[in-house]
Amino acid sequence: MNLIYFIQQKFQKRPSDRQRRTLLQVLHLDAWLLGGIATLAFFGLFILYSASNQQLSVVLQQVAHLMFAALVLFILAQIPPHIYRQWTPGIFAIGLFMLIVVLIVGHVGKGAQRWLPLGIFNFQPSELMKLAVPMMLSWYYAERRLPPNMTDLAISAGIIFVPAFLTAIEPDFGTAFVIIVGGGCVLLFAGIRWRFILLVFLLLLIAAPIIWHSLHAYQQIRILTFINPERAPLGAGYHIIQSKIAVGSGGFFGKGWLKGTQSHLHFLPEHSTDFIFAVIAEELGLFGSIILLMIYVFITARCFYIAYVGQDTYERLLSSGLTLTFFLSAFLNIGMVCGVLPVVGLPLPLVSYGGTSMVTTMAAFGILMAIHMHKKLWEK
Amino acid sequence: MKQKLTIKNTTQEKRCFKYRLVTIGVGAIILIGLLFIRLVYLQIDQHYYYQTLSDKNKIDLVPIPPRRGIIYDRHGEILAKNIAVFSLVVIPDRAKHLKKSLEALRTIIPISPADLEEFDEQLKEHRRFDEIPLKIELSDKEVARFAINRYRFPGFFVKAELIRNYPLGQAFAHVVGYVGRINIVELDQIDTSNYAGTNFIGKVGIEKYYEPQLHGKVGYKKIETDAAGHIIRTLEMNSSESGSDLYLTIDSKLQLVAEQALGDERGAVVAIQPSTGQVLVLASKPSYDPNLFVTGISNQDYQTLQNNEAHPLFNRTVRGLYAPGSTIKPFIALEGLNSQVVTPAEKIFDPGWYRVPNTEHVFHDWKKGGHGWVNISKAIIESCDTFFFNLAYQLGIGRIDYILDLFGFGKMTGIDINEELVGNIPTPEWKMRYVGLPWYTGDTVLCAIGQSYVQVTPLQLAVATATLANRGEILTPYLLYALKRTHHPVAKQLPILKDKLLFDQSEWDIVVKAMSLVTRLGTGYHFGRTSYTVAAKTGTAQVVSRRFKEDENVPYKLRPDSWFIAFAPVNHPKIAIAVLTEHSDSAPIVARKVLDYYLLKEM
């Protein structure tokens, strides 16, 4: 009811109402963004019920993740942006410190050290870095003259690659990759020159063999199988082949909710987590896939609007950077499921089963809402 | 840091940022567009392809092989049946470390090098996901030992399988034939879907000729499986249709009598029911055990059979080509009478030799001193060569070939097994072409006593004898008595009247009368006296063109073959028989035993 009331308010805004604030405004929540997030989350739960082979417990677990993440979003939305700006160097320093601690005493999980046991739930410092790195860069460029010069870029590289490196040696290639993407997004909005981007690409191309050799064997195989999945139809290429079969066999309207054979008969691996989009495409078809894409586009557009009306460079860079990271995560995941991008182990934001990345994503939205809902009377 | 760098142009930065934001926003829309295109490509354009793959993922077709039809003789005696055996099969695709597993397996179950060799060969011929038999006929102990170790050998299965068994063994090998593993040539010829799950196919004899009827129709089970290959449920079941059971015209008891009568001789016995053309006996000696071939004969066993100089694998009844000798005389005599070259009363004097008119060529009668005055009846009874030399000379090769062709020599009889050979009725053109020499009158003369280039099979001679018994009715010989399809009534095979030879009844009478006296007054005295009437003709086919002295010790291989053709009883013939014994003169004795058993038991 509140939402409807709010929408009515928005459209029937009269000068006399200007002083009156809606409940959402009081709570510092952006209705459009919240609506988009809620739709996506419900869509995710809906498909997770099917993807988990109708295990209600899995869905309830995910609801718990969502509630916790929503709480984080709500709390973060209450904090005015200038506080974030003040705290940014501190958060970054703590994050970096914890990354090092994790490397030393980290709880061993899934063959990689990434968890830090913190009482009731495990905490992943690398997840914090997904936020801290864009914040740190935004903080840095808020003080600097734009576009960045070479010194700025050198410092930015340090801000990005130190935590990325620490994450990568855990080893958590996926998260390190997201950290780099997140940092890169901020740099992109900071006005980094296109030719410089070109230069980085060239350097990457040259460095590729070195990176290749530093990769874990399973990561190398992933890239090789991405190039040619058929080389190992029952080995590493199995994921991609089965995922493409799931997507392709969906057709326009899909096989129907709960009727996907690829996931229910276990041909599709990781169908609740990284490959959940394949379940959507199989059961809901192109139709459902487009709806999902539209929800992502809507959320991204709203967030870009928030960035557009941001009041200072810090707000603008941070919000746009976080938004682009969110968008790219979705893009990379779907691209991976469709077999156009390598399997890098990225979840589909807010849809894939799992609490860790969900909390981070919702936290980012909390920051975005904080930025949008704490307007100062004047612009900087 | 230098002071000037910190001077910020806020408006400029804001404008620059907004420009970037719009650019990147457009970029994001392009990326979404790319995803959209990819999705349309996979889900619309390639939908059918992926749908098929998805179905293939979950739906498995499991063939249900049909039961092979059972073969009985005319009285219901089983000649070929199916027995259950356990065999070890491998699906190479599912086996991990095939070589290692094989090694490990050999410590549990003995696997002979021959089995391994066969397995390696099959491995090359089949696809990786096909079942390949490794060892057939596991003992109960071996089945149990494998069962407890099963988990160690993924891709290896014990399979209960029906295999062919021939309870009467060698006696019927040349009629029934045998089945064996499907080889690569046969794989090209058969409808592979109908043979899914079947390892065996008829190789020779009845098993081959009636393969389509015996095999039946494969059934299918459509099952849904999960990624691990576990069966979730059966979606559809299409039962197989068992192969038809065949009843042969063969009288197995009579055939066994013939087998025993032949004893260790090399030879053939063919007996036909003249009124129908049903083949009662089709025996060829020596023979082999068809059961050896079913599960794949070992190389050594095969070599032994192959190199045996008695040629046990050789089906003499339909593939053995022999000079008919004097058994050809009744047919020539018929043509002589029919063309009025001789009259029944006409006599010639036989001094023991015959000189071809206007030449120096002299041909000797088998009887030194000759038969004296001989008419056509006496010529048949005593098998007078001189008389027939003269008759042949007068008839000419054209008429001789004509009559032999009418009686079915030099042609397929049309019996329902594939191995038949046609033999040869020589013509001047044939001789020119294959021997490279012109036709001499001497060749014609020798044809009349079944020598020269005439070659017939025992079956052809049996059919011709049945034709004599029928007085001209030629019935196609056949082995399939009746066929029983599942859920269908027994379908009986009807006799096929191929042709009717129109000779004067008196001409038949003369020849048949003469033949009926052969065992009593003539050359067939070895046959002895019988309580039933019998029309017969003996024959001696020379293997080399020289005659031996009475007391000469002739090497086995050079001894003449002996023929005996007969039908009995003379007036209402129940059986026509042709017996051949190689390098021996026991054909009449063999024939006697067979006829006695058949006629006296029945009477």
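Note that the structure is a prediction, hence the values are computed from the model and not measured.

### Topic: the overall build of chain B
Okay, step 1: Across its full length, chain B holds 23 helices and 23 strands.
Okay, step 2: Residue burial in chain B is summarised as follows: out of 603 residues, 41% are buried.
Okay, step 3: Of the contacts formed within chain B by residues at least 6 apart in sequence, a portion of 73% connects residues at least 24 apart.

### Brief notes about the confidence of the model for chain A
Okay, step 1: When pLDDT is averaged across chain A, the result is 84; 84% of the residues are at 70 or more.
Okay, step 2: Taken element by element, chain A is modelled with least confidence in strand 1 (residues 107-109) of chain A, mean pLDDT 51, and with most confidence in helix 13 (residues 276-308) of chain A, mean pLDDT 95.

### What about the nonpolar core?
All names here are of chain B.
Okay, step 1: Among the nonpolar cores identified, the biggest contains 123 residues, and Val-269, Val-270, Ile-577 and Val-594 are the most heavily contacted of them.
Okay, step 2: The leading source of residues in this core is helix 17 (residues 385-406), at 10 residues.
Okay, step 3: Once residues lying within four places of it in the same chain are set aside, the contact partners of Val-594 are Leu-254, Val-257, Ala-258, Ala-261, Val-269, Ala-271, Val-281 and Ile-577.

### Comments concerning helix 7 (residues 150-168) of chain A
Okay, step 1: The end-to-end C-alpha distance of helix 7 of chain A is 25 Å, a good match for the 27 Å that 19 residues give at a rise of 1.5 Å each.
Okay, step 2: Of the positions making up helix 7 of chain A, those classed as buried are A:Asp152, A:Ser156, A:Ile159, A:Ile160, A:Pro163, A:Ala164, A:Leu166, A:Thr167 and A:Ala168.

### Description of the confidence of the model for chain B
In low-pLDDT segments, the atomic positions of the prediction should not be examined closely.
All names here are of chain B.
Okay, step 1: Summarising the model, chain B shows a mean pLDDT of 87, and 96% of its residues fall at 70 or more.
Okay, step 2: Per-residue pLDDT stays below 50 along residues 1-5; that stretch engages in three contacts with residues further than four places along the chain or on separate chains.
Okay, step 3: For this predicted complex, the interface score ipTM comes out at 0.87, alongside a pTM of 0.63.

### Thoughts on the sheet that holds strand 21 (residues 535-541) of chain B
All names here are of chain B.
Okay, step 1: Strand order in the open sheet formed by five strands is 12-11-23-22-21, and the pairing between neighbours is antiparallel. Of all the strands in the sheet, just strand 12 (278-285) and strand 21 have a single pairing partner and so form its edges. Along the sheet, successive strands turn relative to each other by an average axial angle of 5 degrees, direction set aside.
Okay, step 2: In the sheet, strand 22 (residues 561-568) pairs with strand 23 (residues 575-581) via seven bridges, with the strands oriented antiparallel. Opposite Ala-568, over in strand 23, you have Ile-575 as the bridge partner.

### Observations concerning the interface of chain A and chain B
Okay, step 1: In this complex, chain A contributes 42 residues to the contact, which on the side of chain B involves 36 residues.
Okay, step 2: Looking at the side of chain A that touches chain B, the elements with two or more residues in it are helix 8 (173-189), helix 11 (238-250), helix 12 (261-264), helix 13 and helix 14 (313-337) of chain A.
Okay, step 3: Considering every element that reaches the side of chain A that touches chain B, the biggest residue donor is helix 13 of chain A, with 10 residues.
Okay, step 4: Residue composition of the side of chain A that touches chain B, by class: 22 nonpolar, 14 polar and six charged.

Here is what the cut-offs are and how they apply
Residues numbered from 1 in each chain as written. Chains lettered and ligands numbered in written order. Predicted model: local features only at pLDDT ≥ 70, side-chain atom pairs only at ≥ 80, totals over all residues. Helix = DSSP H or I, 4+ residues; strand = E, 2+ residues; numbered from the N terminus. Buried ≥ 20, exposed ≤ 12 C-beta atoms within 10 Å, placed from the backbone. Contact = placed C-beta atoms within 7 Å. pLDDT = per-residue confidence, 0-100. Core = buried A, V, L, I, M, F, W, Y, C linked by C-beta atoms within 7 Å. Expected span 1.5 Å × (residues − 1). Pairing = 2+ DSSP bridges. Axes fitted to C-alpha atoms, helices over the stretch in contact; angles between N-to-C directions. Nonpolar A, V, L, I, M, F, W, Y, C, P; charged D, E, K, R; others polar.

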